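Next come the chains, spelled out residue by residue.
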Amino acid sequence: MLKNGITYMHEHTTIDLSEVKNNEDCRLDVFPETVKEFKKLYEKGVRNIIDVTNIGMGRSITYVQKVSEESGINIIFATGFYQDSFYPIQVFRETKEKLAERMIKEIVEGIKGTDAKAEIIGEIGTSCNKWTEAEKKVFEAVVIAHKETKKPISTHTSIGTLGHEQVEFFKKHEVDLNRVVIGHVDLTGDADYVLKMLREGVYVEFDTIGKESYMPDRVRAEMLKKIQDKGYIDKVLLSMDITRKSHLEYKGGLGYSYLLDTFVPLLQSYGITSESIDKMLIHNPRAFMEG
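Residues numbered from 1 in each chain as written. Predicted model: local features only at pLDDT ≥ 70, side-chain atom pairs only at ≥ 80, totals over all residues. Heavy atoms only, no water.

### A look at the side chain of H12
Note the following rule: Helical segments are the DSSP runs of H or I of at least four residues, strand segments are the runs of E of at least two, and each set is numbered from the N terminus. Each residue gets one of three labels from its accessible area relative to the maximum for its type: buried under 20%, exposed over 50%, partly exposed in between, using a 1.4 Å probe on protein chains only. Polar contact criterion, stated in full: a pair of N or O atoms within 3.5 Å, where within protein one must be able to donate a hydrogen and the other to accept it, and residues adjacent in sequence count only if both atoms are side-chain atoms. Only heavy atoms matter for contacts: two residues are in contact if any of them lie within 4.5 Å across the pair.
By the element assignment, H12 lies in the loop between strand 1 (6-11) and strand 2 (15-16). Classification of H12 by relative accessible area gives buried; the value is 1%. A polar contact of 3.1 Å, which involves the side chain of H12, links it to the side chain of D241. Setting aside anything within four residues of it in sequence, one finds H12 in contact with L28, D51, V52, T53, M57, E123, D241, I242, T243 and Y256.

If you want it as structure tokens, here you go:
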């Protein structure tokens, strides 16, 4: 499933959240610019991108397949439902069993009548400091789909909140925590908060790298140093979660390569070892996806 090389664990090749956010910048659909950046990533050793754009987020299978073909990067598809504000109508109308059935079909048969099959369930989210009834229903549906298909689960925490509650939910529903990654934990700015999750056995994602308006990268580096020193770097995954045109280089944004060109040297300056960096970028993603 994953090719040998670097994996970005939480990205969106194309995504459209522009209606809800009332901002055209949130429609990421600039094919040539994306291909150009993905080719650049390929030259730097990136071979896999986990695309967690799911039902209701403007997912386009043919678009992503073309980006994959032109760039050479293996792009993994996801299934699931994102977060309350962005849910399609069926989340509110259907039972958790029916929602699970939809996800299972995308894993087993293919997405939107194509032969592309979802290899991960995500990103599934909770709201900021609030877990809505619809979100609970989605998480319960995900448990059903996960137990049926054994596919890994990737979550979204809004500004890092409710990470502990998500872990408790999966424990209560007897999900193997080794198959769960809690997303956006770098936005907590709190290594001890993240370590508590790691001790439970889940994976965590530092996946908003470069978004310094939310959290300075030096804080991310400090957190990762503490996690390394405590012996939990084996459960950390990295990514940038690029979702806007303005995040790309052609618009003056950081671009996808920032993670490798700028953030990795920053980590090294904070005492993160080459072994730890290889784990987060190469070995941990494989271990997580393959279970």
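### Re the sheet that holds strand 9 (residues 203-206)
Rules: Strands were regarded as paired on the criterion that DSSP finds at least two bridges between them. Only the stretch in contact is used when fitting a helix axis, every axis being a line fitted to C-alpha atoms; angles between N-to-C directions are given from 0 to 180 degrees.
Strands sit in the order 1-4-5-6-7-8-9-10 across an open sheet of eight strands; the sheet is parallel. Among the strands making up the open sheet, the edge pair consists of strand 1 and strand 10 (236-238). On average, adjacent strands in this sheet sit at an angle of 30° to one another, irrespective of strand direction. Sheet topology places strand 5 (residues 74-79) next to strand 6 (residues 118-126); three bridges connect them, and they run parallel. Across the sheet, T79 pairs through a bridge with I121, a residue of strand 6. Against the sheet, helix 7 (residues 163-172) engages strand 6, strand 7 (153-157) and strand 8 (180-182), with an angle of about 150° to strand 7.

### A look at the packing of aromatic side chains
Applicable threshold: Centres within 6.5 Å make a pair out of two Phe, Tyr or Trp rings, where for Trp the six-membered ring is used; the pair is then stacked when the planes are under 30 degrees apart, edge-to-face when over 60, and tilted otherwise. Two limits define a charge over a ring: the Lys NZ or Arg CZ must be within 6 Å of the ring centre, and within 35 degrees of the ring normal.
Under the counting rule described, the total for this entry stands at 10 aromatic pairs. Ring centres 5.5 Å apart and planes at 85° place the aromatic pair F31 and Y63 in the edge-to-face group. Residue F31 is located in helix 2 (residues 31-43), and its partner Y63 is located in helix 3 (residues 61-71); the two are separated by 32 residues in the primary sequence. Sitting over the ring of Y42, R47 keeps its end group 3.6 Å from the ring centre. Positioned over the ring face of Y203 is K235, at 4.8 Å from the centre of the ring.

### Topic: the packing of helix 10 (residues 258-269) against helix 11 (residues 274-290)
What counts is decided by this rule: Roughly parallel means an angle under 35 degrees; roughly antiparallel means over 145; roughly perpendicular covers 65 to 115; every other angle is labelled oblique. Note on convention: near helix rotated counterclockwise from far helix by under a right angle means a left-handed crossing. Clockwise means right-handed. Each residue is assigned to one class: nonpolar for Ala, Val, Leu, Ile, Met, Phe, Trp, Tyr, Cys and Pro, charged for Asp, Glu, Lys and Arg, and polar for all the others, Gly among them.
One can describe the packing of helix 10 onto helix 11 by two numbers: an axis separation of 10 Å at closest approach and a directional angle of 140°. Here helix 11 runs oblique to helix 10, going by the angle between their axes. Regarding helix 10 and helix 11, the two cross each other, and that crossing is right-handed. Contacts from L259, L260, V264, L267 and Q268 of helix 10 reach helix 11 at S274, I277, M280 and L281. In terms of residue class, the contact of helix 10 with helix 11 is built from seven nonpolar, two polar and no charged.

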